[in-house]
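This is what each chain is made of:
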Amino acid sequence: METLVPIPDHGRVFAGGRRIRLADIDARGRLRLDAVARFLQDVAIDDVEETGWGAPEHLWFLRSVRVDVLVPFLQDRQAGLLTWCSGLATVAAGRRWSVTGECGGRIEADSVWIHLGPDGRPARIDGLGVYAEAAGARRVSARPQLPVPPADDLRLPWPLRATDVDLHGHINNAVYWQALEHLLLTAGPDPRRPLRARVDYREPVDLDDLLELGTTATPNRLDVSFRTPTRVKAVASVEELTL
């Protein structure tokens, strides 16, 4: 996912839009990362539901995502989203997004999703013709992109709430970004400047998990692990982006 795939000249590109509302912005009016994560997730669901590649026949587990905030959304109140398939593998597919705001905000994102069958087990992707042209010959990898931070990092309890759980019975992908937003209040890069954020979703987090956030921070970078007493469930990083 190092080189972001441009919008394809041929193949399916799905377009959507979102109003940026009060619950999506921070105290200074910036579009928060967790709201961005919801926008990306929602337009992806809209896309696969339209093509017949959505639930219940097909389930998609987000494995890793990279979000490049090239121009932060500081005053934008409308977000236009484009999404397309950025690559394929035997049981995984890549999804790209391009997000623009009416005041110049711009975000580029890429991701890898594991394809599951109705039984919730990884399933081979066959006949993904509607997305294949945009994907071209590009291959994606479902391997984690981020190393696990050291075990002696600073720990912060992160209590989970019933409202964090989605239809699949696990903590929703956007909730991890809420934790990052909370940590960025006091550590890491300034979220009002360009940044690159990544999350590797290693294992689902359940409501009864005793979750802690392990953090290592410098002024230009924040590294976070989502840990239970015995497992690392996810790993994230946020770093200043030099354009």
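Residues numbered from 1 in each chain as written. Predicted model: local features only at pLDDT ≥ 70, side-chain atom pairs only at ≥ 80, totals over all residues. Heavy atoms only, no water.

Student: In this structure, what is going on with the packing of aromatic side chains? I would like to understand it.
Tutor: One pair of aromatic rings is described through two measures. These are the centre distance and the angle between the planes. Tallying each qualifying case throughout the model produces three aromatic pairs. Ring geometry for Y176 against Y201: centres 4.9 Å apart, planes inclined by 85°, an arrangement best described as edge-to-face. Here Y176 is found in helix 3 (residues 173-184), whereas its partner Y201 is found in strand 7 (residues 195-201), with 25 residues between them in sequence. Looking at Y201, the relative accessible area reads 2%, which means it is buried. Taken together, Y176, Y201 and F226 form an aromatic cluster joined through their ring pairs. (Phe/Tyr/Trp six-rings, centres within 6.5 Å; stacked < 30°, edge-to-face > 60°. Helix = DSSP H or I, 4+ residues; strand = E, 2+ residues; numbered from the N terminus. Buried < 20%, exposed > 50% of the residue type's maximum accessible area, 1.4 Å probe, protein only.)

Student: It is not clear to me how the side chain of R196 should be interpreted in this structure. Could you clarify?
Tutor: Relative to the helices and strands, R196 resides in strand 7. Here R196 falls in the buried class, since its relative accessible area comes to 17%. With sequence-adjacent residues up to four places away left out, R196 is seen in contact with R66, V67, D68, S237, V238, E239 and L241. (Contact = heavy atoms within 4.5 Å.)

Student: Mind showing me how you'd approach the packing of helix 1 (residues 33-51) against helix 3 here?
Tutor: Think of two packed helices as two axes; the pair is described by the angle between the axes and how far apart they sit. Packing of helix 1 against helix 3 brings their axes to within 7 Å, and their N-to-C directions diverge by 160°. The angle between helix 1 and helix 3 places the two elements in the roughly antiparallel class. Crossing angle aside, the handedness with which helix 1 passes helix 3 is right-handed. Between helix 1 and helix 3, the contacting residues are L33, D34, A37, R38 and Q41 on the first element and N173, A174, W177, Q178, E181 and L184 on the second. For the contact of helix 1 with helix 3, the per-class residue count stands at five nonpolar, three polar and three charged. (Axes fitted to C-alpha atoms, helices over the stretch in contact; angles between N-to-C directions. Parallel < 35°, antiparallel > 145°, perpendicular 65-115°, else oblique. Left-handed = near helix turned anticlockwise from the far one by under 90°. Nonpolar A, V, L, I, M, F, W, Y, C, P; charged D, E, K, R; others polar.)

Student: Can you walk me through the side chain of D47 in this structure?
Tutor: Looking at where D47 falls in the secondary structure, it is placed in helix 1. Within the local environment of D47, its side chain forms a polar contact with the side chain of Y131, the two groups lying 3.2 Å apart. (Polar contact = N/O pair within 3.5 Å; in protein donor to acceptor, adjacent residues only side chain to side chain.)

Student: Whenever I open this one, the pairing of strand 2 (residues 59-71) confuses me. Can you help?
Tutor: Along any regular strand, the residues point their side chains to alternate faces of the sheet. Counted residue by residue, strand 2 has ten buried out of 13 residues, so it is predominantly covered. Relative to strand 5 (residues 106-116), strand 2 runs antiparallel, the two sharing eleven bridges. The residue of strand 5 that forms the bridge with V69 is I107. Bridge analysis of strand 2 against strand 7 gives six bridges, and the strand direction is antiparallel. Counted as the bridge partner of S64 is D200 from strand 7. (Pairing = 2+ DSSP bridges.)

Student: Where do I start with the sheet that holds strand 9 (residues 221-227) in this structure?
Tutor: The strands that make up a sheet pair up through hydrogen bonds in the backbone, lying either parallel or antiparallel. The strand order across the open sheet built from ten strands is 1-3-4-5-2-7-10-9-8-6, with neighbouring strands paired in antiparallel fashion. Since the sheet does not close on itself, it has two edges, and those belong to strand 1 (14-19) and strand 6 (154-157), each with one partner. Here the strands of the sheet are splayed against their neighbours by 20° on average, with no regard to which way each runs. Inspection of the sheet shows strand 1 paired to strand 3 (residues 78-88) by six bridges, in the antiparallel sense. Paired with G16 across the bridge in strand 3 is L81. Strand contacts of helix 1: strand 1, strand 2, strand 3, strand 4 (92-101), strand 5 and strand 7, with the helix running at about 140° to strand 1, the strand carrying the most contacts.

Student: Looking at this structure, I do not really get the nonpolar core. What am I missing?
Tutor: Generally speaking, soluble globular proteins have nonpolar side chains that are buried together. Among the nonpolar cores identified, the biggest contains 48 residues, and V67, W177 and F226 are the most heavily contacted of them. Setting aside chain neighbours within four positions, we find F226 in contact with Y176, A179, L211, E212, L213, R231, V232, K233, A234, V235 and A236. In this structure, V48, W53, A93 and I125 belong to the second largest nonpolar core, which totals nine residues. (Core = buried A, V, L, I, M, F, W, Y, C linked by side-chain atoms within 4.5 Å.)

Student: Sorry if this is basic, but what is going on with the layout of surface pockets here?
Tutor: Gaps between atoms show up when a probe of the same size as a water molecule is rolled over them. In this structure, the largest pocket encloses a volume near 850 Å³. As for the largest pocket, its lining consists of 34 residues, of which L59, W60, F61, W113 and H168 are closest to the centre. For the lining of the largest pocket, the secondary structure elements donating two or more residues are helix 1, strand 2, strand 4, strand 5 and helix 3. Here the element with the most residues in the lining of the largest pocket is helix 1; it accounts for six residues. Its residues placed into classes, the lining of the largest pocket shows 20 nonpolar, nine polar and five charged. (1 Å grid on protein atoms, 1.4 Å probe; cavity = no way out; pocket = protein on both sides within 12 Å on 5 of 7 lines; lining within 4 Å. Points joined across faces, edges and corners; volume = space filled by probe spheres on them.)

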